[in-house]
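Given next are the chains, with one letter for each unit.
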Amino acid sequence: MAEVRLANVRKGYGEALAVDDLSLSIADGEFVALVGPSGCGKTTTLNMIAGLLEPDGGDILIDGRRVNDLDPKDRDIAMVFQNYALYPNKSVRKNLAFPLQMRGLARAEIARRVDEAARMLDIGHLLERRPRELSGGQQQRVALGRALVREPKVFLMDEPLSNLDAKLRVQMRSELKRFHQDLKATIVYVTHDQLEAMTMADRMAVMQGGKLQQYDTPERVYAHPANAFVASFVGSPAMNLIPVRVTDGGVAGGGVAGGGWALDLPPELLARARQARGGVLLGIRHGAIRLLPSAAPGTVAAEVLTVEPTGDITFLNLRLGDTDLVASVPPEQLIAAGQRLWLTFDMARLHLFDATSERAL
Amino acid sequence: MVRHRADYLYVAPAVLVMVLVIAYPVWFTFYLSMFSTPPNLALEDKIFVGLDNYARILGADSVHEASLNTLVWTVASTALAFVLGFGAALALNRPFRGRGLLRGILLVPYVISAVAAAYVWRWLLHSDLGVLSALAMATGLRSQPFNFLDNTDTVLASLIMVNVWKEFPFVMIMMLAGLQTVPDQLLRAAQVDGAGPWQRFWHITVPHLGNVSLVTVLLLLAANFNGFTIPWVMTGGGPAGASEIWITQIYQLAFGRIRFGLASAYSVILFAVMMTMGYFYVRALVGRDRAS
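Undergrad: Can you lay out the environment of Gly241(B) for me, pointing to particular residues and giving the numbers?
TA: Inspection of the secondary structure assignment puts Gly241(B) in the loop between helix H11 (229-234) and helix H12 (246-256). The spacing of Gly241(B) and Ser62(B) is 179 residues in sequence and 7.8 Å in space, taken between C-alpha atoms.

Undergrad: Can you tell me about the packing of helix H3 (residues 61-93) of chain B against helix H10 (residues 210-225) of chain B, naming the residues and giving the values?
TA: Residue and element names in this part refer to chain B. Two elements in contact, H3 and H10, have axes separated by 9 Å at closest approach and are oriented at 145°. Both H3 and H10 take part in a crossing whose hand is right-handed. Across the interface between the two elements, Thr70, Trp73, Thr74, Ser77, Thr78, Ala81 and Phe82 of H3 pack against Ser213, Thr216, Val217, Leu220, Leu221, Asn224 and Phe225 of H10.

Undergrad: Outline the interface of chain B and chain A, listing residues and values.
TA: At the interface, 16 residues of chain B touch 24 residues of chain A. When chain B packs against chain A, the two sides together hide about 1700 Å² of surface, and 59% of this comes from carbon and sulfur. The largest share of the area that chain B buries against chain A comes from Gln185(B), Val192(B) and Asp193(B), three residues that together contribute 38% of it. If you look at where chain B meets chain A, you find 2 salt bridges.

Undergrad: Mind laying out the packing of aromatic side chains, listing which residues take part and the relevant values?
TA: Geometry of an aromatic ring pair is reported as the spacing of the ring centres plus the angle between the planes. Inspection of every chain in the model, using the stated rule, returns 25 aromatic pairs over all chains. Centroid distance Trp121(B) to Trp165(B): 5.4 Å. Interplanar angle 70°. Geometry classified as edge-to-face. On the criterion of sequence distance, the pair formed by Trp121(B) in helix H5 (residues 114-124) and Trp165(B) in helix H7 (residues 155-179) is long-range, its members being 44 residues apart. The class for Trp165(B) is partly exposed, based on a relative accessible area of 25%. A network of ring pairs unites the aromatic residues Tyr24(B), Trp27(B), Phe28(B), Tyr31(B), Phe35(B) and Phe48(B) as a single cluster. Its guanidinium or amino end placed over the ring of Tyr87(A), Arg146(A) lies 4.6 Å from that ring's centre, counting from NZ or CZ.

Undergrad: Lay out the sheet that holds strand S7 (residues 154-158) of chain A in plain terms, naming residues and giving numbers.
TA: Residues and elements named next belong to chain A. In space, the 6 strands of this open sheet follow the order S6-S7-S8-S3-S9-S10, with mixed pairing throughout. In the strand order of this sheet, the two ends are held by strand S6 (77-80) and strand S10 (211-216), each with one partner. Averaged over all neighbouring strand pairs, the angle between strand axes comes to 15°, with direction disregarded. With 5 bridges connecting them, strand S9 (residues 203-208) and S10 associate as antiparallel partners. Among the inter-strand pairings, Val206 is bridged to a residue of S10, identified as Gln214.

Undergrad: Which residues make up helix H2 (residues 92-102) of chain A, and what values do they have?
TA: Residues and elements named next belong to chain A. By the criterion of burial, H2 is predominantly enclosed, with 8 of the 11 residues buried. Of all the residues in H2, the buried ones are Val92, Asn95, Leu96, Ala97, Phe98, Pro99, Leu100 and Met102. Directly after H2, the chain includes Gly104, whose backbone phi takes a positive value near 70°.

Undergrad: An account of the domain arrangement of chain A is needed here, citing residue identities and associated values.
TA: We note that the domain assignment places domain 1 (4-226) and domain 2 (240-354) within chain A. Summarising the inter-unit geometry, the C-alpha centres of domain 1 of chain A and domain 2 of chain A are found 40 Å apart.

Undergrad: Give me the lowdown on the pairing of S6(A), citing residues and values where you can.
TA: Here is the key point about a regular strand: its side chains alternate between the two faces of the sheet. Residue and element names in this part refer to chain A. Going residue by residue along S6, you find Ile77 and Met79 tucked away on one face and Ala78 and Val80 tucked away on the opposite face as well. In the sheet, S6 pairs with S7 via 4 bridges, with the strands oriented parallel. Residue pairing for S7: Ala78 is matched across the bridge by Phe155.

Basis of the calculations
Along each chain, the written sequence defines residue order, and numbers are assigned to residues from 1. Note on labels: chains are lettered from A, ligands numbered from 1, in written order. It should be noted that, the model being predicted, local features are given only for residues of pLDDT at least 70 and side-chain atom pairs only at 80 or more, the latter also being counted only at that level, while totals for whole chains, interfaces and linings use all residues. Heavy atoms from the whole structure form the basis of all side-chain values; hydrogens and water molecules are not counted. Helix and strand assignments come from DSSP, with helices taken as H or I runs of at least 4 residues and strands as E runs of at least 2, each series counted from the N terminus. Helix axes use the C-alpha atoms of the stretch in contact, all axes being lines fitted to C-alpha atoms, and the angles between their N-to-C directions lie in the range 0 to 180 degrees. Take the far helix as your reference; a near helix turned counterclockwise from it by less than a right angle gives a left-handed crossing, and one turned clockwise gives a right-handed crossing. The criterion used for residue contact is that any of the two residues' heavy atoms lie within 4.5 Å. Joining two parts hides part of their accessible area as seen by a 1.4 Å probe, and the buried area is that hidden amount summed over both. What makes a salt bridge here is a side-chain nitrogen of Lys or Arg within 4 Å of a carboxyl oxygen of Asp or Glu, nothing more. Any two rings among Phe, Tyr and Trp, with Trp reduced to its six-membered ring, count as a pair given centres within 6.5 Å; such a pair is stacked if its planes are under 30 degrees apart, edge-to-face if over 60, and tilted if neither. Relative accessibility decides the category of a residue: with a 1.4 Å probe and only protein chains considered, values under 20% of the type maximum give buried, values over 50% give exposed, and everything between is partly exposed. Remark: a charge is flagged as sitting over a ring if the NZ atom of Lys or the CZ atom of Arg is within 6 Å of the ring centre and within 35 degrees of the ring normal. Criterion used throughout: strands pair if DSSP finds at least two bridges between them. Those domain boundaries reflect an automatic or database domain assignment.

Spelled out as structure tokens, the structure:
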């Protein structure tokens, strides 16, 4: 296994920059997810690590060795593709053996490794079948097996779960995680699904517009988003971002005000809010909003627009002044559309972003 | 079932036309093949002879010679056109300057009328007045005119060359279409797996082209087996029957010598061979469809 390092990597398609000055270090045995909306540059980044695309600038290092000019086959990487990319005319056994044959391994060694991978992934009974005779989940395992037999330094995975149905995806998610734990493999995993990144990765690199927005553990990315984009991208439903302006006066010495409502802030938050050059975006996750049936000091009034029960939790779409936001309540708490509620925000979990730069304050 | 009754009504006009222009001629050819017909158009004077016509066709030396020619003509034309067309498709599959123009030029033989092309080639290959022969002499390759078409040893090969020139663009278009459907991701996967360009071609591209190759080859075989225009216009089967194939012999029998009974029996034999080929064609297609 190996570490991967990207240093100031750039890649453009014509005028547009797909990856803009990306630097990223992936430790030996680490599971890193590159996550972001489509067009954020995550797949381009992966293809550059694989050697399928050549960077316009910057260096890619695997285990300290610069690989920019190496062919994919000489980089000692294996790749799992979104559509599995199994060879349709070859049996599962031959699919697994193919990368080893291409490297000219001895027949006995090939057979040994194929059997080992098949046992590990529980596809031993499928070895003589063709890919089209397999279910999506089985194909996924074969694709994983084909990467595994190579015993590569780095596994590159390009949205490997996105073609599976929801139930199977959850199952494969935990299988992949176990795969990583068993192998202690270095994995670079591309996904547009923040939940996949959150659940599997040791660290997640959130990208947008070809730029790295934040690179940290899922817990920290969730709890301390570096900017408004990360805040809205990570977590579902998305964090509420409410444009407000900073006010002076009142009991606490200041606060924030939106269209038709105002809220005092504790001094520490207020000081941070005052750093903003223009307006402020107030960020609050649905779980950090508490709802009261009647007015109390430090609450703001909101109207319930819709109620969305999901079983474990009920989401409420609320109208606060001139903005909408999402809050949640336990399913036992019965709330009807049109009802009036009073909100308090958990100040410890309140986020402030500069409205102009969108950076966290 | 009752509800489907109207459906038959909708296809009735098409069925009627097909019965008129396909089923009836087939049946009448079969019927006529049992008769000895007079060498004129007075078909009411025909005499029933049973399978005599078939016996005469299958026993004739000229038919045996034509059969060998037909086999060589069909197989060689198909094989060469396929190889040349596939090669052109591979060359055109990667982008380069002037690709569109070259593709257009290579397509020209296919879109030219076969009769016009055959006439032009007849003159190009003419022993005394032809450009190719003159070129060979001017460059010193030969000291005397080359007989492409008036020589029993070279006439069939010359016809095959013209036929290949005429139909390789068809192969090119078919294979180019096939090449463009090779999944990019498979090629990338093979690249990461360590396969070089030749191995990617052999392990990914070639298997992917199986279906389109099969269809192309079978269509070519059928077209060449029935390929009438080029041999007929260029040589009419000559010299001395050296470029005679089944279809030109049938035409000559029927409309040259007005032997409808004999020509009908010959046609029925050709029809049977074609239908057998058609059977394998359909079976191969259906089999592959099921497999994939």
